[in-house]
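Close look at the chain arrangement
Listed below are the residues making up each chain.
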Amino acid sequence: MISFFTDLTLLALCVVGITALMGSISQFIAVKLFGGKKIFHFVDKSKSFQENWRPVKRR
């Protein structure tokens, strides 16, 4: 009975781990394949807006 729960726990950990890694790996591949030249387009645009902002003065 103990071996059954051990096997079940290992299977559950493997399924959760593989699922988490599949998301990261697929996002990495999608960005590299389909990102093209505009990978950082939105990041650069956001930085260009924030360059002229004054820093917030805390009390």
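Structural data are supplied above this passage.
Rules and cut-offs
- Residue positions are given per chain, counting from 1 as you read along its sequence in written order.
- The predicted origin of the model limits local features to residues at a pLDDT of at least 70 and limits the giving and counting of side-chain atom pairs to 80 or more, whereas totals for whole chains, interfaces and linings rest on all residues.
- Side-chain metrics rest on all non-hydrogen atoms present in the structure, leaving aside hydrogens and water.
- Each helix is a run of H or I in the DSSP string that is no shorter than four residues. Each strand is a run of E no shorter than two, and both are numbered from the N terminus.
- Between the two quantities, the radius of gyration covers C-alpha atoms and the globule rule is 2.2 Å times the number of residues to the power 0.38.
- For the exposure calls, accessible area comes from a 1.4 Å probe over protein chains only, and a residue counts as buried if that area is under 20% of its type's maximum, exposed if over 50%, partly exposed in between.
- For the accessible areas, the method is Shrake-Rupley and the probe is 1.4 Å, while residue cover comes only from the protein chains on display.
- Exposure above 30% relative accessible area and the absence of a salt bridge qualify a residue for a patch, where like charges join within 9 Å and nonpolar side chains (Val, Leu, Ile, Met, Phe, Trp, Tyr) within 5 Å.
- In the sections that follow, a salt bridge refers to a side-chain nitrogen of Lys or Arg positioned within 4 Å of a carboxyl oxygen of Asp or Glu.
- Aromatic rings from Phe, Tyr and Trp, with only the six-membered ring used for Trp, were paired whenever their centres fell within 6.5 Å, and each pair was classed as stacked if the ring planes differed by under 30 degrees, edge-to-face if by over 60, and tilted otherwise.

Turning our attention to the overall build of the chain. A count of helices and strands for the chain gives two helices and zero strands. Here the chain has a C-alpha radius of gyration of 22 Å; the compact-globule value for 59 residues is 10 Å, and the former is much larger. When its C-alpha atoms are laid out on the principal axes, the chain stretches across 65 × 45 × 5 Å. Taken over 59 residues, the chain has a buried fraction of 0%. Of the roughly 6400 Å² of accessible surface on the chain, a fraction of 68% belongs to carbon and sulfur atoms.

Tracing the sequence through the fold places Thr 9 in helix α1 (residues 2–34). For the pair formed by Thr 9 and His 41, sequence separation is 32 residues and the distance between their alpha carbons is 43 Å.

On the surface, Met 1, Phe 4, Phe 5, Leu 8, Leu 11 and Val 15 cluster together into a nonpolar patch covering about 660 Å² of accessible area. Positionally, Leu 11 belongs in helix α1. A relative accessible area of 52% places Leu 11 in the exposed class.

Turning next to the packing of aromatic side chains. Enumeration over the complete set of coordinates arrives at one aromatic pair. Pairing Phe 4 with Phe 5 gives two aromatic rings, centres 5.4 Å apart and planes at 65°, and the pair type is edge-to-face.

Bear in mind that shape data such as this cannot, by itself, settle questions of function.
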